[in-house]
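Fold and contact review
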Amino acid sequence: WYKTQENMLLVISMQGGKCRNQSSLVRLTGTKYSCGGGGCGACTVMVSRYNSTTKAIHHYPATACLVPICSLYGAAVTTVEGVGSIKTRIHPVQERLAKCHGTQCGFCSPGMVMSIYTLLRNHPEPTPEQITKALGGNLCHCTGYRPIVESGKTFCVESTVCELKGSGKCCMDQEDGSLVNRWEQMCTKLYDEDEFQPLDPSQEPIFPPELTVRYFTFVNGRRSKQGERTTWITPATLNDLLELKANFPKAPLVMGNTELGPSIKFKNEFHPVFISPLGLPELHFVNTTDDGVTIGAGYSLAQLNDALHFIVSEQPKEKTKTHRALLKHLRTLPGAQIRNMATLGGHVVSRPNFSDLNPILAAGNAAINLVSKEGQWQIPLNGPVLERSPEADLKSEEIVSSVYIPYSTQWHFVFGLRMAQRQENAFAIVNAGMSVKFEDGTNTIKELQMFYGSVGPTTVSASQTCKQLIGRQWDDQMLSDACRWVLDEIYIPPAAEGGMVEYRRTLIISLLFKFYLKVRRGLNQMDPQKFPDIPEKFMSALEDFPIETPQGIQMFQCVDPHQPPQDPVGHPVMHQSAIKHTTGEAVYIDDMSCIDQELFLAPITSTRAHAKIISIDISEALALPGVVDVITAEDVPGDNNYQGEIFYAQNEVICVGQIVSTVAADTYAHAREAAKKVKITYGDIEPRIITIEQALEHNSFLFDEKKIEQGNVEQAFKYKSLKGSEVHVEGQEHFCMETLSILALPKEDKEMVLHLGTQYPTRVQEYVAAALNVPRNRIACRMKRTGGAFGGKVAKPAVLGAVSAVAANKTGRPIRFILERGDDMLITAGRHPLLRKYKIGFMNNGVIKAADVKYYVNGRSVCIILYLCEISLCFASTQVVEFIVLKSENAYYIPNFRCRGRACKTNPSNTAIRGFGFPQGTVVVEAYITAVASQCNLPPEEVKEINMYKRISKTAFKQTFNPEPLQRCWKECLEKSSFYARKLAAEEFNKKNYWKKRGLAIFPMKFSIGIPTAYYNQAAALVHIYLDGSVLVTHGGYELGQGLYTKMIQVASHELNIPQSYIHLSETSTVTVSNGVLTLGSMGTDINGKAVQNACQTLMARLHPIIRKNPKGKWEDWIAKAFEESISLSATGYFKGYQTNMDWEKGEGNAYPYYVYGAACSEVEVDCLTGAHKLLRTDIFMEAAFSINPALDIGQIEGAFIQGMRFYTIEELKYSPEGVLYSRSPDDYKIPTVTEIPEEFYVTLVRSQNPIAIYSSKGLGEARMFLGSSVLFAIYDAVAAARRERGLAKTFVLSSPATPEMIRMMCVDQFTDMIPRDDPSTFTPWSIRVS
Ligand SMILES: Cc1cc2nc3c(=O)[nH]c(=O)nc-3n(C[C@H](O)[C@H](O)[C@H](O)COP(=O)(O)OP(=O)(O)OC[C@H]3O[C@@H](n4cnc5c(N)ncnc54)[C@H](O)[C@@H]3O)c2cc1C
Ligand code: FES
Ligand code: FES
């Protein structure tokens, strides 16, 4: 924000997009743009307003992407730049987030800072609960949140970060010493709290006094602002508003803009006039009477929350049952930002079918107060209004002035119930508001109301059922009838939008059952003699899982006390860019200043999975203002189909989301508008193969199967064998917080410079050169940092680089291509879904003698061939299949083992993502181990231990390895997680609780590093020493947030024996280091570290004679002397790479340089009625050999674990049967929030040796994804306990992800038995499984 002389405020986020208009004086880049729909928090800013009634200043967080600039009249907006900067002074929030290692890629960090900062402005000494609550609307896909919460907790008074379970005791001081004494050699301090500046609230910027004057209040009359296409009018008074409404009946009222904004942005709604009464005093009030409370429609949901809390604290409990029910939901519906923006009036009027508040308001007999020029009246919310029947719709000239919420009475119960994919900040899958009134002193139903959300296009009332139940007793028979009738009354058709039909039907009655229990308990509390309580075993069904503030300990090896203090290797050094991340000064592609003549690119993508392009009509698009050109395949000067990868679709499209053309225009808005006008006609082509099963039917594969085999599998099946059912593992989206972004600059001599984020710059260079038909030496790729990658920036940046470069070439102007979140999810595609079939031979004691496993991955429609030397690879899909096959044994020795893998040729487009197939493939091994355990009536951990590698062995492809660290991690994990004791405790818990079950799972892991092709393991570096002694390091690896640059500085500092402050690492560029290989496979530090080490050692060898002559000299002296002696102060470094190989003909090889071992144990609690689960605790023991930087390594472990855990449990990509991806925003694809992480999270780096790697370290970036599956199998354990109790088959299929839907439907009971089932042959479902 920038304040001009005229007191006008300019915002960096305008009309819901990032402001890229450089003429507007606003050059603030800290606030990030990631989803554009209020769902991620990357754009969080603090809005402050003066309340002329209370004379107080109200600070609240807001997502800038949904704040219309005109709505900010009179408001002060603080962006991250206003909080602190490196140039002036960094703020304690920024400092602590950075020093606590709460940033990795840094793209979410300014938003995190703003959420914590705003909280501190209101509560300088917050509670841990307030910290967690404040961060609920901010997504981070790198860190796993623990360090972010921890940084916030450093501001809490009563709780230090290591307080254990609220005991007030530090975990390190436990008397029994259970944690510490046994880990004496270990350190736990990843940062030094003593370094933190104190928070001094008196030093915060004051609210601009000029914004408190009359000028900014409503009394000075109506204001209006005329724009290019729209007019914004702010009325002066309520009467003025009604006047306006009468004059502009179709104009919407813009309040929080949280419903209107997304409709305009994503659904193409257009309004020529907006009326904005936000802040109008007549809409902001609370009025309490004897009967109830009336709350102004302009109250935000956060203000509503505060008002309700006040009412609840003032009034007797029995009167405030509706208010309490509302409060419960207000805690978990959207994050803090949306809660502070969205208004009560907007919520009630917009009546979304998923509304969480409307069903409760209706059940609580609330009413809306309407006002128009004609007068005022009240409409009950439990009438037809919520069902949107036309006769009950608001008239266009009416507005809602307030909502009346009556008090409840003694024999009256009101509850809100809700189930969502994620505990916080997620739309409900099904929700309900229910109330019952009894005849006084009895359990005879006098009045009953049940309203459901997300079961149809509107909130739905089960009025018939309720009517039929009047006069009935509140007993089991009533419940049984109620369930049957409500299922008849509320019918979700089998093809209903949103899918999950049987689950939603089950939830309708499961929530009803919860309501029934809650009411029975309430009756018992009122008259225990008359109304028996519910069974003790049912008690835990009453409450949802509480939201706890996570805590834990991280343990790592202490640095040798004899190590020189200046040597940073082994220390938890903060990420090199951390402070820049938190101050917003770290520059990402979209933050780069506009370049003269720059154009913005918007893509037009295929809407068909497989079709002929009949025509492309660009005339209408070309005619629109600002449009410079429309680019298609015909404009590609070189290869448009390069090694199987098509840049602009020509003649045919092969998946939904394939780029067909792009529009280049002077603004992004113009480009996007024009993109909508490009008309493409298609003719479908058969076959259209979307799922693996369809591919198998059509025998559609990308390449030959990959196979490894040992022993004699057929013969070994003489043992007891188990033909497993199919296991499906669905895909996953990378969801990098920074979407794919490119700035392409055409230069002289056919040069093209591309600024972008990619894990494989050489490939971008290659593709762009091919598309432009120029040698590669004309193409420069420059990369400073990127906002997350996770494999998603390996292959696609090359295609998008070529697409942008073609546009830049054609127009001759710089091109900025920033993908919108929806396009990013569609175009970049995700993890390969997998189908597995297996047969296992085993003995009754759990020893597995044989395994024959077949994997199929949903590949893509073309085989992208990558030629390097003479070898060709079908990229990504090949590597994924190879990785799956080679890693498929995980940590287990199976003497007769056959594993085959194939990539199916399909019409979705999939690509690699963190773990490259390992997370999909290995979960299957655990599935069959668990199935064998179940068959043998043995605990899974026993079967794992029996079959685990124990001594120096050979893998199934005959590579020798030593599993000693595996055994150590496993044993430590068993012991220090108190696995057996907790398992017993969980069994006890399960005996006492019928509807909630606990489960534990412990996992060993053997993960191989790198790529089994030797030349992928090479790396180069270039190190310059300048005459002032400063050092510039470059190498071929890329900073993705994993801290590679930080570690390289540590390496250079160690090798050159100079402080880190002397060393700088600016960027990765194909100009400085050529032919760099991919940054993936946990190899970045290994290979680039060796190259940097090599360069530094070369320099030190050159300096050695000078140092010998002047040993007491300073570094600067030696450098000056070297220059005088004409010694080169620049050196290249090279690492030839680990000599890996794999002979697929023989199925043998030394495929990997080394292995990394680990073990994890997770414990969950499952709600059998809803399918929700809570992760109670996770312990990870990860072999790190010698960690170069324990903070970064632990950050990678925790981040990958959380990413893995959600891959196995929540993240679900939904496709239509035609192959259209529905999941294109954080609204419909749920990555974890802060509430999903383990309540207790313990991570230990286990020391070992790894002489072949730099400083005996190990690559740790990828492997932990898989450890997240401990959560999946802990869920399995809990579900198995539920099924045992219910007498169900002990073996069952729990595919991945174990979504709430899957969990609920596996916990079969009287409710799942009751729901209607549909014959699959009679309908086409809304979504399909593509695995
Ligand atoms: C990221 C995100 C997450 C969300 N999560 C949830 C969730 O979990 N659960 C849930 O229930 N909701 C959720 N919502 C929806 C949110 O509650 C509603 O969008 C919000 O309450 C609408 O209020 P608003 O003030 O922003 O309305 P606006 O967008 O400003 O207006 C919406 C509509 O209401 C009309 N209107 C507004 N006020 C009045 C009035 N006083 N009189 C007459 N007409 C009026 C406007 O003309 C407009 O048509 C979420 C929204 C977002 C963006
Ligand atoms: S960009 Fe605004 S919330 Fe995601
Ligand atoms: S650090 Fe949070 S998204 Fe990367």
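Quick caveat, the model's predicted, so the values are computed rather than measured.

What counts, and where the lines are drawn
Counting of residues starts from 1 at the beginning of each chain's written sequence and follows it residue by residue. Chains carry letters and ligands carry numbers; both start at the beginning, A for chains and 1 for ligands, and go up in the order they are written. Per-residue local features of the predicted model are confined to residues with pLDDT of at least 70, and side-chain atom pairs are confined, for both listing and counting, to 80 or more; whole-chain, interface and lining totals are unaffected and use all residues. Excluding hydrogens and water, the side-chain figures rest on all heavy atoms present in the structure. UniProt positions are given in the numbering used here, feature names are shortened, and annotations may be inferred rather than shown by experiment. Elements are defined by DSSP. Helices are runs of H or I of four residues or more, strands are runs of E of two residues or more, and each kind is numbered from the N terminus. To sort residues, take the accessible area from a 1.4 Å probe on protein chains only and compare it with the maximum for the residue type: under 20% means buried, over 50% means exposed, and anything in between is partly exposed. The contact criterion used is simple: two residues touch if any of their non-hydrogen atoms lie within 4.5 Å. We treat two strands as partners when DSSP finds at least two bridges between them. We define a nonpolar core as any set of buried Ala, Val, Leu, Ile, Met, Phe, Trp, Tyr and Cys residues linked to one another through side-chain atoms lying within 4.5 Å. Expected helix span is taken as 1.5 Å per residue step, with the number of steps being one fewer than the number of residues. Throughout, the term near means that a residue has one or more heavy atoms lying within 4 Å of the molecule or strand in question. Think of a polar contact as two N or O atoms within 3.5 Å of one another; within protein, one of them needs to be a possible hydrogen donor and the other a possible acceptor, and neighboring residues in sequence only count if both atoms come from side chains. Each accessible area is a Shrake-Rupley result for a 1.4 Å probe, and residues are judged covered by the shown protein chains and nothing else. Ten residue types, Ala, Val, Leu, Ile, Met, Phe, Trp, Tyr, Cys and Pro, are classed as nonpolar, four, Asp, Glu, Lys and Arg, as charged, and the remainder, Gly among them, as polar. Each axis is a line fitted through C-alpha atoms, and for a helix only the stretch in contact is used; angles between axes span 0 to 180 degrees, taken between their N-to-C directions. Convention used here: angles under 35 degrees read as roughly parallel, angles over 145 as roughly antiparallel, angles from 65 to 115 as roughly perpendicular, and any remaining angle as oblique. Note on convention: the crossing is left-handed when the near helix lies turned anticlockwise from the far helix by less than a right angle, right-handed when the turn is clockwise. The pLDDT score gives, residue by residue, the confidence of the prediction method on a 0 to 100 scale.

Structural notes on the UniProt feature "binding site: [2Fe-2S] cluster 1" (unreviewed entry) in the protein
Under the UniProt annotation, "binding site: [2Fe-2S] cluster 1" (unreviewed entry) lies at Cys-35, Cys-40, Cys-43 and Cys-65. For the residues just named, distributed over 31 residues, the greatest C-alpha separation is only 10.1 Å, placing them together at one site. Tracing the chain through its elements places Cys-35 in the loop between β4 (17-18) and β5 (44-51). Cys-35 sits in the buried class, given a relative accessible area of 6%. Ignoring anything within four residues of it in the chain, the contact list for Cys-35 reads Cys-40, Phe-266, Arg-821 and Pro-1226. With respect to the secondary-structure elements, Cys-43 resides in the loop between β4 and β5. Apart from the residues lying within four places of it in its own chain, the contact partners of Cys-43 are Thr-31, Lys-32, Ala-62, Thr-63, Ala-64 and Cys-65.

Concerning the pairing of strand β16 (residues 399-406)
Across the eight residues that make up β16, a large majority, eight, are buried. The pairing of strand β13 (residues 292-296) with β16 spans five bridges and is antiparallel. Note on β16: the bridge partner recorded for Thr-294 is Tyr-404.

A few points about the nonpolar core
Within the largest apolar cluster, 315 residues are counted, with the highest numbers of intra-cluster contacts made by Tyr-452, Trp-474, Leu-512, Tyr-648, Ile-708, Tyr-928 and Trp-1115. Examining the composition of this core, we find that 13 residues originate from one element, helix α15 (residues 501-526), more than from any other. With residues up to four places along the chain from it excluded, the contact list for Tyr-928 reads Arg-836, Tyr-838, Ile-840, Ala-851, Val-853, Ser-888, Ile-894 and Phe-897. Core analysis: the second largest hydrophobic core is formed by 51 residues, Leu-308, Ile-311, Leu-330 and Val-400 among them.

Things to note about helix α8 (residues 301-314)
In this model α8 runs 20 Å from its N-terminal to its C-terminal C-alpha over 14 residues, within 8% of the 20 Å that 1.5 Å per residue would give. Looking at α8, one finds that the buried residues are Leu-301, Ala-302, Leu-304, Asn-305, Ala-307, Leu-308, Ile-311 and Val-312.

Notes on the site of ligand 1
The environment of ligand 1 is made up of 30 residues, and the closest members are Met-255, Thr-258, Leu-260, Thr-343 and Asp-356. Contacts to ligand 1 include Leu-253, whose backbone N or O atom sits 2.8 Å from an oxygen atom. At 2.6 Å from an oxygen atom of ligand 1 is found a side-chain nitrogen or oxygen belonging to Thr-258. Relative to its unbound accessible surface of 970 Å², ligand 1 loses 94% to contact with the protein. Sorting the residues of the shell around ligand 1 by element identifies α11 (344-350) and β16 as the ones contributing at least two each. Ranked by residue count, the leading element in the shell around ligand 1 is α11, at four residues. Here the residues of the shell around ligand 1 sort into 17 nonpolar, 10 polar and three charged.

Overview of the packing of helix α25 (residues 918-935) against helix α34 (residues 1269-1285)
Contact geometry of α25 with α34 gives a least axis separation of 11 Å together with a crossing angle of 25 degrees. Taken together, the axes of α25 and α34 are roughly parallel relative to one another. As for the relative orientation of α25 and α34, their crossing is right-handed in sense. Packed against α25, whose contacting residues are Val-923, Glu-926, Ala-927 and Thr-930, the element α34 presents Ser-1269, Leu-1272, Phe-1273 and Tyr-1276 at the interface. By residue class, the composition of the contact of α25 with α34 is five nonpolar, two polar and one charged.

What to know about the environment of Ile-1210
You can see Ile-1210 is positioned in the loop between α32 (1190-1209) and β52 (1240-1247). Once residues lying within four places of it in the same chain are set aside, the contact partners of Ile-1210 are Gln-421, Lys-1230, Pro-1297, Thr-1299 and Pro-1300.

As for the side chain of Gln-1093
Positionally, Gln-1093 belongs in helix α30 (residues 1084-1109). If we skip the residues at most four places from it in the chain, Gln-1093 touches Val-1051, Glu-1055, Ile-1254 and Tyr-1255.

Digging into the sheet that holds strand β21 (residues 551-557)
Strand pairing in a sheet relies on backbone hydrogen bonds. The paired strands run either parallel or antiparallel. Sheet architecture is open: six strands sit in the order β8-β21-β52-β51-β50-β44, paired in mixed fashion. Only two strands of the sheet have a single partner each, and these edge strands are β8 (186-187) and β44 (996-1008). Bridge count between strand β50 (residues 1155-1167) and strand β51 (residues 1173-1185): nine bridges; the pairing is antiparallel. Along β51, the bridge assignment pairs Ala-1159 with Phe-1181. Of the strands in this sheet, β44, β50 and β51 touch α34, which is tilted by about 145 degrees from β44.

Some details on the pairing of strand β18 (residues 428-438)
Side chains on a regular strand alternate between the two faces of the sheet. Counting buried positions along β18 gives 11 out of 11 residues, so the element sits mostly inside the fold. The sheet contact formed by β18 and strand β19 (residues 445-453) spans eight bridges and is antiparallel. Opposite Asn-431, over in β19, you have Gly-453 as the bridge partner. Hairpin connection between β18 and β19: a loop of six residues separates the two successive antiparallel strands, and Gly-441 in this loop has a positive phi of roughly 75 degrees.

Comments concerning the confidence of the model for the protein
Summarising the model, the protein shows a mean pLDDT of 91, and 94% of its residues fall at 70 or more. Note that residues 1-24 has pLDDT below 50 and, in this model, 61 contacts with residues that lie over four places away or in other chains. In this model, residues 163-184 is a region of pLDDT below 50 whose contacts with residues beyond four sequence positions or in other chains number 33 contacts.

Some words on the sheet that holds strand β46 (residues 1031-1035)
The four strands lie next to each other as β47-β46-β45-β49, forming an open sheet whose pairing is mixed. Both edges of this open sheet fall to β47 (1063-1064) and β49 (1130-1135), since each of them pairs with a single strand only. As defined by bridge partners, strand β45 (residues 1019-1025) adjoins β49 across six bridges and the pair is classed as antiparallel. Bridge pairing in β49 places Ala-1019 opposite Phe-1135. Strand contacts of helix α29 (residues 1044-1056): β46 and β47, with the helix running at about 125 degrees to β46, the strand carrying the most contacts.

Considering helix α21 (residues 761-772)
Given 3.6 residues to a turn, an α-helix orients residues that are three or four positions apart in the same direction. Compared with the 16 Å implied by 1.5 Å per residue over 12 residues, the 16 Å span of α21 between its first and last C-alpha is a close match. α21 sits mainly inside the fold: 12 of its 12 residues count as buried. Residues of α21 that are buried: Pro-761, Thr-762, Arg-763, Val-764, Gln-765, Glu-766, Tyr-767, Val-768, Ala-769, Ala-770, Ala-771 and Leu-772. Just beyond α21, the residue with positive phi is Asn-773, at close to 60 degrees.

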